[in-house]
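An overview of the molecular structure
Chain residues, written in single-letter form:
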Amino acid sequence: MKPNAKSFYFRFSAFVLNYPGDTIDQLEKASRPRHIQCHLPIALLPKQIWSVRPKLIYCARNPKDATVSFFHHYRHIHGYQGNMPDFLDAVLSDQILFGPQIPHTLDFWNIRKEMNILFIHFEEMKMNMNAVLRRVCKYFNKSYTDQQLAELENHLSFDVMKNNKSANNSCVLELVESLSGKKVENFE
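We now turn to the structure provided with this report.

Reading the values: the criteria
Residue positions are counted from 1 within each chain, in the order its sequence is given. Given that the model is predicted, a residue must reach a pLDDT of at least 70 before its local features are reported, and side-chain atom pairs must reach 80 or more before they are shown or counted; all residues, however, enter totals for whole chains, interfaces and linings. To get the side-chain values, all heavy atoms of the structure are used, and hydrogens and water are removed first. Note on conventions: DSSP H or I runs of at least 4 residues are helices, E runs of at least 2 residues are strands, and numbering of each starts at the N terminus. The axes used here are C-alpha line fits, helices contributing only the stretch in contact, and every angle between their N-to-C directions lies in the interval 0 to 180 degrees. To sort the angles, those under 35 degrees are grouped as roughly parallel, those over 145 as roughly antiparallel, those from 65 to 115 as roughly perpendicular, and the leftovers as oblique. By definition, any crossing whose near helix is turned counterclockwise from its far helix by less than a right angle is left-handed, and any crossing with a clockwise turn is right-handed. The contact criterion used is simple: two residues touch if any of their non-hydrogen atoms lie within 4.5 Å. Charged residues are taken to be Asp, Glu, Lys and Arg, nonpolar residues to be Ala, Val, Leu, Ile, Met, Phe, Trp, Tyr, Cys and Pro, and polar residues to be all remaining types, Gly included.

Attention now goes to unusual backbone geometry. Cis geometry marks the peptide bond from Arg32 to Pro33, where omega comes out at 5°. Positioned with a positive phi, Asn141 is a non-glycine residue whose angle comes to about 55°. The topology assignment puts Asn141 in the loop between α8 (129–139) and α9 (146–155).

This is the structure:
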């Protein structure tokens, strides 16, 4: 993580072998506002989530789509050597990192009406990013011009994001390669 980073995947140092530093410590020292990414289930979130009530955005994804994507992620980042049917069996029996997905999503779905949670779907962003951006702006009490929203929508498009090192996992890939000493092949 860069010292001036505003976006943190706060458990990174907990599961990346030989990660230099403590991402939780880096997060605590970061200036605000900041963006914190995590995959934790509700039961493992810090208790301050419910007393301080920071703004949370939960993005749900179609389980089939997420599983296929995660299969490729698991192969390239985690070095999984098995086939798709075996991976699906592992997903269904909760034997993979960041699982189980469906109960995780349902827990957040059940509290989606809490005042500090915005629940969105990945598919919504694919179909109508502008509408999602407007919901997010309303949630954060921010207003932007149509031109600014159009620029943001373009910036967040797949074609732009796939070339953004901070968004396409190439930064994570470089870190994993440097820490493991192994080259990850054919990851896109």
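Now, onward.
This part covers the packing of helix α4 (residues 63–77) against helix α5 (residues 84–92). The axes of two packed helices give the description: the angle between them and the distance between them. Closest axis-to-axis distance for the α4/α5 pair is 11 Å, and the angle between their directions is 110°. Here α4 is positioned roughly perpendicular relative to α5, judged by the angle of their axes. Classified by chirality, the crossing of α5 by α4 is right-handed. Where α4 approaches α5, its residues Thr67, Val68, Phe70, Phe71 and Tyr74 are matched on the opposing element by Met84, Phe87, Leu88 and Val91. Here the residues of the contact of α4 with α5 sort into 8 nonpolar, 1 polar and no charged.

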